[in-house]
Amino acid sequence: MTDSDRQGSERVDLDRQTEQGPTLTGGQRRAERRTAIALGVAILAGIGLFIVYFAGGQTQIEGILFFIAFGGFGIALGVWANHLLDAREVVEERHELTSGAAGRQALGDALTEEVGPVLGRRSVLIKLLAGAGGALGLALLLPVLSLGPAPGNSLKVTPWARGKRVVDETGELVTVDTVPEDGFLTVFPEGNVGAADAQTLLIHVRPGSLKLPPERMAGVPEGTFVAYSKICTHAGCPVGLYRAESQTLICPCHQSQFDVSDGAIPFFGPAARPLPQLPLGVDQEGVLIAQGDFSAPVGPAFWDMNRGR
Amino acid sequence: MSMVMERSLKYLDERLGTSSLARKTLRKVFPDHWSFLLGEIALFCLVVLIFTGTFLTFFYTPSVREVVYEGPYAPLKGAEVSAAYNSVLRLSFEVRAGLLMRQIHHWAALVFSAAIVIHLCRIFFTGAFRRPREVNWLVGVGLLFLTLGEGFTGYSLPDDLLSGIGLRIFYSVTLAIPVVGTWVTYLLFGGEFPAPDIISRLFVFHIMLIPALLLALVGVHLAILVLQKHTQFPGHGKTERNVVGKRLWPEQTFKSVSLLLFTTAVLALLGGIAQINPIWQYGPFVPYSVTSPAQPDWYIGFLDGALRLGPPLDLNLFGFTISEVFWPAILFPGIAFGILTLWPWIERRFTRDRAEHHLLDSPRDTPVRTGIGTAGLMVFFIMFLEGGNDIFGVLLNVPVETVTRILQWSLVIGPVVTFLVTYWVCRSLSRSRLHPAHISAGLRLSRTPDGGYETVSLEPATDDSEREPTPAS
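Described below are features of the structure shown in this document. None of these values were measured; they are calculated from a predicted model. (Residues numbered from 1 in each chain as written. Chains lettered and ligands numbered in written order. Predicted model: local features only at pLDDT ≥ 70, side-chain atom pairs only at ≥ 80, totals over all residues. Heavy atoms only, no water.)

### What about unusual backbone geometry?
All names here are of chain B. We apply this condition: Elements are defined by DSSP. Helices are runs of H or I of four residues or more, strands are runs of E of two residues or more, and each kind is numbered from the N terminus.
With an omega of 10 degrees, the peptide bond running from arginine 131 to proline 132 counts as cis. Within the fold, proline 132 resides in the loop between α5 (98-125) and α6 (134-156). One non-glycine residue, phenylalanine 318, lies in positive phi territory at about 50 degrees. Looking at where phenylalanine 318 falls in the secondary structure, it is placed in the loop between β5 (315-317) and β6 (320-322). One non-glycine residue with positive phi stands out, namely arginine 352, at about 55 degrees.

So this is what it looks like as structure tokens:
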């Protein structure tokens, strides 16, 4: 290639082409300069990265220097591509994708030619082959069952049980004096602090503000200490916000709102079921205790939640 | 040709016979259009994700074992946290360039998914999915799903409070699957939430299973692209039988590498100066605590919004329960992504168009498809907005209930209006002759010899006289 170039330049005397290569136009010379500057900046940024890293590192400066280094490199190649290459627009013909009927026939033949007579008929062997494959396939799936325990009853019960004493998240016993009026507290059964399915909100409501049927009022000591599951019945977030003046519980995830005075029935948002109530009582020392498990399975709905609890 | 080049080409050619194939590859022609670079941006984000992600795995501990935080971040000193959370804090505060790598990784994931969605829009609105490219459409939709899974699993790994809440919601969604929900959930999570195995399982999904599938499908995606050759917009000299553009070498290679470097540059800048997912502010995951407000990464936003918009409606079927979560989080995405997946076949049922297409549509010339596409995007956009209903409530100083009600009505009206407006705009644009592919050079006003005036429409402005396409050899 170099030879032919040289011959060309010898033939045309007036052409300024010399061993230094072809002459550049003004635009190309500018582009070359811009490319050089961009690459130079990238080099400087690269050196800067060394300095910053060994000086102890600094996230923001490192990010900016990486930006300059990669960006300078990118600009250089971009300018190069647009101004310094001798690229032409070209037309390429599309070839036919299909091999046609003859090609397909040939492939079909290649598939069937040498497999012998057995595969051609609906023989017992074919059926057994499918059966063996199926049985083995299913057997290979068995280890998947080891990935988790059978659900059984586990979603329908919690560690709360008759007589379990109520404690807060540090394990301190909770008495009728722990929570002031209009206050609320996250509580657990003693021995199960932090258990996700046992998290419960103990709310001290104003006297006479609860509108519950008598059998449920029986689980509300002094008519003011009511306890609901803290797990949203919609998608399982902890129902973490309580507006005392309206006695409303709000789930911060999807804004379901529950009416504490009326059995924690949802009145706005996507939740469809009330928060299950935990029936409470008080022992001789004034410590709150559970009278049993929740009134319904806690948390979001699942297929068999209302069967055989 | 230099001696070194000649020698190495000879060496390779004599052993692998590469010369003719490599020459053919280098001379392959790609049409030039900015919108064809969207997929490339996604690909380059994936490159950045793999490099930064590999770095992160060297420091991450996929375990929920309780440890006491002893690092330099004072507010959490002495707190009982999981080993996973602890390792991410250590990576962020104690490993030099660790936070930068983590933030670049997170930003790259956000841009990756955004580039994929915009690329998908380009394919959809220009009809690039039509025969013979239906198979590659399926591969692309598969890549979208894998990306959503990859994003969600990665986002959950730090075991912070915000991502823990996300996992809790995901667990509730799988519980809501009719009939098999509880079993699927227990096998996936290893038991009742928060089962201790989940973090290590997410890790295996995030760094092995999903990336392996993702890379395999990217390979298939590109192989089919090369096999079928790229589509092109109609224009001078472009037909269904050819590809007009620049060769892979040198121009396309220079431009692509340039774009790779630019993409990396922008991600590095974002990772350096734009804080993302500050898990130390959220705190460690505690099953009875919650952050407020709580928003997931943008690509899951529509699903969270759907959960907020959903009707409080559970069903009792012969004693069995269908959760209210089923409608917005399983049925809606199932239908929406089902339509998306099957779109090439759905459209064909109505257009009866079975011909091969290598020339792209202009969105304005297919007003029904364009209208359906924008209406679909509007559905997702409204849900995405609802995902931030609590933030809008605070920002606009209106109750969150109002925001939700407005967006619920928007969900009914918005897509219809969007379709009609899009349809009308497309028809008007299509009738006007302001077509991007046939840009008019304007009108020439000339005076006729008898004193009158006449206007002459000029030919489309092209510089074909100088750059006549030359046939590829």
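### Examining the state of the cysteines
Residue and element names in this part refer to chain A. As a reminder, the rule being used: Sulfur atoms of two cysteines make up a disulfide when they are within 2.5 Å. For every residue, the accessible area obtained with a 1.4 Å probe (protein chains only) is divided by the maximum for its type, and the residue is called buried under 20%, exposed over 50%, and partly exposed between those limits.
Counted under the stated rule, the structure contains one disulfide over all chains. Across the disulfide, cysteine 237 is cross-linked to cysteine 253 (sulfur-sulfur distance 2.2 Å). Across the S-S bond linking cysteine 237 and cysteine 253, the dihedral sits near -90 degrees, which makes this disulfide left-handed. You can see cysteine 237 sitting in the loop between β5 (225-229) and β6 (241-243) and its partner cysteine 253 sitting in the loop between β7 (248-250) and β8 (257-259), a full 16 residues away along the chain. The residues cysteine 237 and cysteine 253 share a single accessibility class, namely buried. The thiol of cysteine 251 is not disulfide-bonded; the next cysteine sulfur, from cysteine 232, is found 3.9 Å away.

### Quick word on the packing of helix α3 (residues 38-57) of chain B against α5 of chain B
All names here are of chain B. Condition: Note on geometry: axes are C-alpha line fits, over the in-contact stretch for helices, and angles between N-to-C directions span 0 to 180 degrees. To sort the angles, those under 35 degrees are grouped as roughly parallel, those over 145 as roughly antiparallel, those from 65 to 115 as roughly perpendicular, and the leftovers as oblique. Crossings are sorted by hand: turned counterclockwise from the far helix by less than a right angle, the near helix makes the crossing left-handed, and turned clockwise it makes it right-handed. Amino acids are sorted into nonpolar (Ala, Val, Leu, Ile, Met, Phe, Trp, Tyr, Cys and Pro), charged (Asp, Glu, Lys and Arg) and polar (every other residue, Gly among them).
Contact pair α3 / α5: the axes reach a minimum separation of 8 Å and the direction vectors enclose 155 degrees. With respect to their mutual orientation, α3 and α5 come out roughly antiparallel. The handedness of the crossing between α3 and α5 comes out as left-handed. Its residues assigned to classes, the contact of α3 with α5 shows 18 nonpolar, six polar and two charged.

### Quick look at the sheet that holds β6 of chain A
All names here are of chain A. The cut-off we apply is this: Two strands form a pair only when DSSP identifies at least two bridges running between them.
Strand order in the open sheet made by the four strands is β6-β7-β8-β9, with antiparallel pairing throughout. With one partner strand each, in any of the chains shown, β6 and β9 (265-268) form the two edges of the open sheet. Between one strand axis and the next, the sheet turns through 35 degrees on average, direction left out of account. When β8 meets β9, the two strands line up antiparallel, connected through three bridges. Looking at β9, one finds that phenylalanine 258 is bridged to proline 266.

### As for a nonpolar patch on the surface
All names here are of chain B. For clarity, the cut-off: Patches draw on residues past 30% relative accessible area with no salt bridge. Two like charges within 9 Å are joined, as are two nonpolar side chains (Val, Leu, Ile, Met, Phe, Trp, Tyr) within 5 Å. With residues, only the protein chains shown are counted as cover, and all accessible areas are computed by Shrake-Rupley using a 1.4 Å probe. The rule for a salt bridge is simple: a side-chain nitrogen of Lys or Arg has to be within 4 Å of a carboxyl oxygen of Asp or Glu.
Taken together, the side chains of Phe170, Val179, Val180, Val184, Leu188, Val204, Phe205, Ile207, Met208 and Leu209 define a hydrophobic patch exposed on the protein surface, amounting to about 770 Å² of accessible area. The set of elements that each furnish at least two residues to the nonpolar patch consists of α8 (181-189) and α9 (198-228). Here the element with the most residues in the nonpolar patch is α9; it accounts for five residues.

### Some details on empty space enclosed by the protein
Take a probe with the size of a water molecule and roll it over the atoms, and the empty space left behind shows itself. Quick reminder of the rule: Note on definitions: the grid is 1 Å and covers protein atoms alone; a cavity is a set of points where a 1.4 Å probe fits but cannot get out; a pocket is an open set with protein on both sides within 12 Å along at least five of seven lines; lining residues have an atom within 4 Å of a point. Grid points are joined across faces, edges and corners, and a volume is the space filled by probe spheres set on the points.
By the definition in use, this model includes three cavities of 30 Å³ or more. In this structure, the largest cavity encloses a volume near 130 Å³. Lining the largest cavity we find 15 residues, and of these Leu155 and Ile231 of chain A together with Arg168, Tyr171 and Glu192 of chain B sit closest to its centre. Of the residues belonging to the lining of the largest cavity, the class tally is 10 nonpolar, two polar and three charged. Each pocket or cavity is described by its volume, and for the second largest cavity that value is around 90 Å³. Its residues assigned to classes, the lining of the second largest cavity shows two nonpolar, three polar and six charged.

### Overview of the nonpolar core
Quick reminder of the rule: Nonpolar cores are built from buried Ala, Val, Leu, Ile, Met, Phe, Trp, Tyr and Cys residues. Side-chain atoms within 4.5 Å join them into one set. Two residues qualify as a contact provided that any one of their heavy atoms is within 4.5 Å of a heavy atom in the partner residue.
Ranked by internal contacts, the top residues of the largest apolar core, which has 88 residues, are Phe112 and Trp137 of chain B. Broken down by element, the residue count for this core peaks at 15 residues, all from α5 of chain B. What phenylalanine 112 of chain B contacts, discounting residues up to four positions off in sequence, is Ala42, Cys45, Leu46, Leu49, Thr147 and Leu214 of chain B. With 29 residues, the next largest nonpolar core counts Leu249 and Ala264 of chain A together with Ile165 and Leu307 of chain B among its residues.

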